[in-house]
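Residues per chain, in single letters:
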Amino acid sequence: MTVFFFLSFLARPSTISFLYENSIDCQALLKFKQGITSDPDGRLQAWNETVPFCNWTGITCHQQLKNRVMAIQLTEMLLQGVISPYISNLSHLNTLSVQGNSLNGGIPAAIGELSELTFMNLSPNNLGGNIPASIKGCWSLEMIDLDYTNLSGSIPAELGQMTNLTDLCISQNNLHRAIPSFLPDLTKLTNLELQGNYFTGSKGSMPASISNCTALRQITLIENRLTGKIPEELRAKLHNMQRLYFNDNQLSGKIPVTLSNLSQLILLDLSLNRLEGEVPLELGKLKKLEILYIHSNNLMSSSNNSSLRSLPASIATVGKLRQLHRLSLGRNKLLGPISDELGQMANLGLLELSDNLINRTIPSSLGNLSQLRYLYLSHNHLTGKIPIELTQCSLIMLLDLSFNNLQGSLPTEISPISNFSLSHNKLEGELPASIGNLASVLAIDLSENKFFGLIPSSIGRCISLEYLNLSHNMLEGTIPESLKQNINQGYLDLAFNNLTGNPMSLHPCDLQKQEHKKRKWHYYLFAISITCSLIILLLIALTVRHFFFKIRKAIIMDSPTHYGTQTLTERELEIATGGFEEANLLGIGSFGRVYKGIINDGRTVVAVKEVVH
């Protein structure tokens, strides 16, 4: 028996050598390795004849077919080099996943010989070149992800022959010309992502034929060059549609009433276009809608009614859009008061109505929004007092009521908050000592008002404060010594008051630094309510998964065995993080907090970064 094992041991090297010399798959992998010019972490060191190639890093072999490679998974390994054309010799390959590296040299045309390939993820890399027409040979492909791969040219018509496709992701490249007319041929397509390219549509407009992709659940056409009207035909056959991203184009005309027939719609983003007219009352039929972004257009209120009846009143009516989590209508031409019915939207976490022509008072009913975290009402014509009921919004993190005509005093009961700006109003009275209870506040801007009296010494308890602007008021007395601990953490402006003392003793170089920080914090406080980037409050990162995707959406890429992508709503993120529970807080940075999130029934742990741009 001992002799037998000894002879077997001696025979092993020659057996492995035989496999190396006679295995097509092994030779193809060695050619692939030769194309890799940099492997800083030595991930491919085990790719040598001392180890059976089915045990090599990132390689999975077929369970039934001996020594046949079925998967290459080399993700986030910092590899540089090219994808070898010899990969086409892996005739049983069904998964090719090399995302998160620095590969270049284009997609080899020989890849079209992989007829059993079902999952291909090459993003993000720096491949360059065109999408080869030969890709039609991969007729089994269900998922293609070529995001962030520096591709150019157009989408080849041959792609229309790949009728098994469910996910087509080619975002953030340099592709141009019209959106392909063959899309209706892809009858199984559920997810289409063409964000961040130079697509123009048929004659510049969005193609109506896209409505024939009846299986579609998500369309992402963000940041292209689409013009013209949104096709009325979208309503006809897209009964499964859940998410429409048409933002950041040049679309014009009115919002089609027919969008109200997309009964499964969860997210609708039409922001940053040139849409005009009224918002259809019929959108109130979208009872599953959770996110509605229509900011940065030329929308206006009904010419027959100045009460904003064209949107807020209609969507907030009992039984209509009660699932809405985020509502953004900023930078339009909406005129009239804020509807009381908005206070009935119990799930609302973000309300953004800045940069409109909204007048009258802030309704006290907004205090009923128990889930509200972000409220933007700046740059309007609001009058009256700040309703004390707003202090009932215990979860609020950011409040921006700046550039209005608000009067009265600052509420003495101030809820814990991270950022608030009440600048450029007509507020008056003394600053309440309760302001010192805001231990976690980062920024306070009360400038350009009529506050008088002393600066309460309790403000020194705001230990997280990085920005404080009390300029252009009527404050008097001595500057509190307690502000010394704040000046080193950010920006302080007390100018144009009647204050005495200078506990900071700033040098000229310090003043230059303060000016720099002032510009930074002005952007931090106000640009979010002027630009669409304020909407992007929650971003997902799975280790270094693309970020970021200027993405107005958060994507988590599953392992290749799941064959697809997953897009999470704000509500899903709240569930994953336990309502952003402090127990799940992983860390705090200068621009947000990072929480641990658990998704996929506990199978996947991700990092959720809460960001204010």
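Fair warning: this is a prediction, and the values are worked out from it, not measured in the lab.

Caption draft 1: Broad picture of the nonpolar core. Counting residues in hydrophobic clusters, the biggest one holds 130 residues, and the most contacted among them are Ile72, Leu96, Met120, Ile144 and Phe246. Elements represented by at least two residues in this core include exactly helix 2 (24–34), strand 2 (59–61) and strand 3 (69–73). Considering every element that reaches this core, the biggest residue donor is helix 2, with 4 residues. Setting aside residues up to four positions removed in sequence, Ile144 forms contacts with Met120, Ile135, Leu159, Met162, Leu165, Asp167, Leu168 and Cys169. Ile222, Tyr245, Leu267 and Ile291 belong to the second largest nonpolar core, which has 5 residues in total.

Caption draft 2: Representation of the state of the cysteines within the structure. Under the criterion given, the structure shown has 1 disulfide. Disulfide partner of Cys54: Cys61, at an S-S distance of 2.0 Å. Across the disulfide from Cys54 to Cys61, rotation about the S-S bond amounts to roughly -90 degrees, and the bridge is consequently left-handed. The exposure class assigned to Cys61 is buried, which follows from its relative accessible area of 14%.

Caption draft 3: Representation of the pattern of salt bridges within the structure. A full pass over the atoms with the stated rule returns 1 salt bridge. Here Arg68 ties to Asp25 by a salt bridge, and the two come within 3.2 Å at their closest N and O atoms. Of this pair, Arg68 sits in the loop between strand 2 and strand 3 while Asp25 sits in helix 2; the two residues are 43 residues apart in sequence, bridging distant segments of the chain.

Caption draft 4: Up close: the packing of aromatic side chains. Applying the stated criterion to the full structure yields 4 aromatic pairs. With a centroid separation of 6.2 Å and 70 degrees between ring planes, the pair formed by Phe53 and Trp56 is classed as edge-to-face. Each member of the pair, Phe53 as well as Trp56, carries the same accessibility label: buried. Here the aromatic cluster, defined as three or more aromatic residues joined through ring pairs, consists of Phe32, Trp47, Phe53 and Trp56. The side chain of Lys31 reaches across the aromatic face of Tyr86, ending 5.1 Å from its centre.

Caption draft 5: Geometry of the environment of Leu406. Within the element layout of this structure, Leu406 appears in the loop between strand 28 (398–400) and strand 29 (419–421). On the basis of relative accessible area, Leu406 is assigned to the buried category, the value being 0%. Along the backbone, Leu406 and Thr361 are 45 residues apart, and their C-alpha atoms lie at a distance of 8.3 Å. Non-local contacts of Leu406, meaning those with residues more than four positions away in its chain, are made with Ile362, Leu382, Thr383, Gly384, Ile386, Leu401, Asn425, Lys426 and Leu427.

Caption draft 6: Layout of the confidence of the model for the protein. Per-residue confidence for the protein averages 81 on the pLDDT scale, and 74% of its residues sit at or above 70. Least confident of the elements in the protein is strand 38 (residues 555–557), whose mean pLDDT is 27; most confident is strand 7 (residues 119–121), at 98. A low-confidence stretch, residues 305–314 stays under pLDDT 50, and its non-local contacts, those more than four residues away or across chains, total 31 contacts. The model gives residues 505–513 a pLDDT under 50, and that stretch makes 3 contacts with residues more than four places away or in other chains.

Caption draft 7: Inspection of the sheet that holds strand 27 (residues 381–383) at higher detail. Strand order in the open sheet formed by 3 strands is 23-25-27, with parallel pairing between adjacent strands. Unpaired on one side and paired on the other, strand 23 (335–336) and strand 27 mark the two borders of the sheet.

Caption draft 8: Highlighting the side chain of Ser140. If you trace the backbone, Ser140 turns up in the loop between strand 7 and strand 8 (143–145). Once you skip the residues sitting within four places of it in the chain, Ser140 turns out to touch Ser115, Glu116, Leu117, Thr118 and Asn164.

Caption draft 9: How the structure looks around the sheet that holds strand 6 (residues 102–104). Pairing is mixed across the open sheet formed by 3 strands, whose spatial order is 1-4-6. For this open sheet the edge positions go to strand 1 (36–38) and strand 6, each flanked by a neighbour on one side alone. Direction aside, the axes of adjacent strands within the sheet are offset by 20 degrees on average.

Caption draft 10: Just unusual backbone geometry, in detail. With an omega of -20 degrees, the peptide bond running from Ser123 to Pro124 counts as cis. Topologically, Pro124 is positioned in the loop between strand 7 and strand 8. The phi dihedral of Tyr148 falls on the positive side, at around 55 degrees, and the residue is not glycine. As for its placement among the helices and strands, Tyr148 is situated in the loop between strand 8 and strand 9 (152–153). Positive phi outside glycine occurs at Arg177, with the angle close to 70 degrees. Among the structural elements, Arg177 can be located in strand 11 (residues 174–177).

Thresholds, definitions, all that
Residues numbered from 1 in each chain as written. Predicted model: local features only at pLDDT ≥ 70, side-chain atom pairs only at ≥ 80, totals over all residues. Heavy atoms only, no water. Core = buried A, V, L, I, M, F, W, Y, C linked by side-chain atoms within 4.5 Å. Buried < 20%, exposed > 50% of the residue type's maximum accessible area, 1.4 Å probe, protein only. Helix = DSSP H or I, 4+ residues; strand = E, 2+ residues; numbered from the N terminus. Contact = heavy atoms within 4.5 Å. Disulfide = S-S within 2.5 Å. Salt bridge = Lys/Arg side-chain N within 4 Å of Asp/Glu carboxyl O. Phe/Tyr/Trp six-rings, centres within 6.5 Å; stacked < 30°, edge-to-face > 60°. Lys NZ or Arg CZ within 6 Å of the ring centre and 35° of its normal. pLDDT = per-residue confidence, 0-100. Pairing = 2+ DSSP bridges. Axes fitted to C-alpha atoms, helices over the stretch in contact; angles between N-to-C directions.

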